[in-house]
Amino acid sequence: MTQVPTTIFLVDDDESVLRGLTRLLRAAGHATKPFASPAEFLAQLSGDAPGCAVLDLRMPGLNGLELHQAMASKDCHLPVIFISGHGDVPASVRAMKAGAVDFLLKPFDEQQLLGAISQALLKDAAARAGRAETAALQARHAVLTPREREVCALVAQGLTNKEVAQRLGTTEKTIKVHRARVLQKLDVDSVAELVRFVDRLDQG
């Protein structure tokens, strides 16, 4: 599998911190994009670039937690690591509850940050793979006709052909034809596989 290039997005209003983080991460082999303000970062935020974001907690305008919320509103799924020069326990609790990978206090150990970034990149890759799988399942399901979707849902619930026919007001023979088409279009070989397909689709 081809490894997708990742980018570490850095947002901190302290230019010296930005320069230090950029040097550290580039020396460790990471591509970085530094931003001196949340507004600057949000202005260029587009698509779903692989990577993670390192956000300072206290910044003018939007703080780190508010920036994280703004990212979510833009459908940005980047994992976030918060950094702060202040031991703000309530803020750290809110950050972790909001789904942050880690909350590091300045000055932090370099290996601590690199470890958190490695964890964030693994989380991003797993989430990205999950979204890709869901999209593929949805694309396969989308080719079904409305009646085939009804049959698919009822068969996945464990109903027999006869029960599905009674539920939909048609013949068992017709349901057999629909079920065969559903299995073929979804590229599954059995009802058991169909059940797993629908379960994964629902979880997505």
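In the nomenclature of an unreviewed UniProt entry, the protein chain is known as Response regulator transcription factor of Pyxidicoccus fallax.

**Student:** Quick rundown of the side chain of threonine 32? Include the residues and the values.
**Tutor:** One can find threonine 32 in strand S2 (residues 31-35). Relative accessible area serves as the criterion here: at 8%, threonine 32 is assigned to the buried category. Of note is the side chain of threonine 32, whose polar atom sits 2.9 Å from the side chain of arginine 26. Those residues in contact with threonine 32, other than ones at most four positions away along the chain, are Thr7, Ile8, Leu10, Thr22, Leu25 and Arg26.

**Student:** So what's going on with the pairing of strand S1 (residues 7-11)? Residues and values would help.
**Tutor:** The buried count for S1 comes to five of five residues, which makes it a mostly enclosed element. Alternating positions in S1 separate into two faces, Thr7, Phe9 and Val11 on one and Ile8 and Leu10 on the other, with burial throughout. Bridge analysis of S1 against S2 gives five bridges, and the strand direction is parallel. Among the inter-strand pairings, isoleucine 8 is bridged to a residue of S2, identified as threonine 32. In this region the chain leaves S1, passes through helix H1 (residues 15-27) and returns to the parallel neighbour S2; the handedness of that crossover is right-handed. Relative to strand S3 (residues 51-56), S1 runs parallel, the two sharing five bridges. Within S3, the position partnered with phenylalanine 9 by the bridge is alanine 53.

Reading the values: rules and limits
Residues numbered from 1 in each chain as written. Predicted model: local features only at pLDDT ≥ 70, side-chain atom pairs only at ≥ 80, totals over all residues. Heavy atoms only, no water. Helix = DSSP H or I, 4+ residues; strand = E, 2+ residues; numbered from the N terminus. Buried < 20%, exposed > 50% of the residue type's maximum accessible area, 1.4 Å probe, protein only. Polar contact = N/O pair within 3.5 Å; in protein donor to acceptor, adjacent residues only side chain to side chain. Contact = heavy atoms within 4.5 Å. Pairing = 2+ DSSP bridges. Right-handed = clockwise from strand over helix to strand, strands pointing away.

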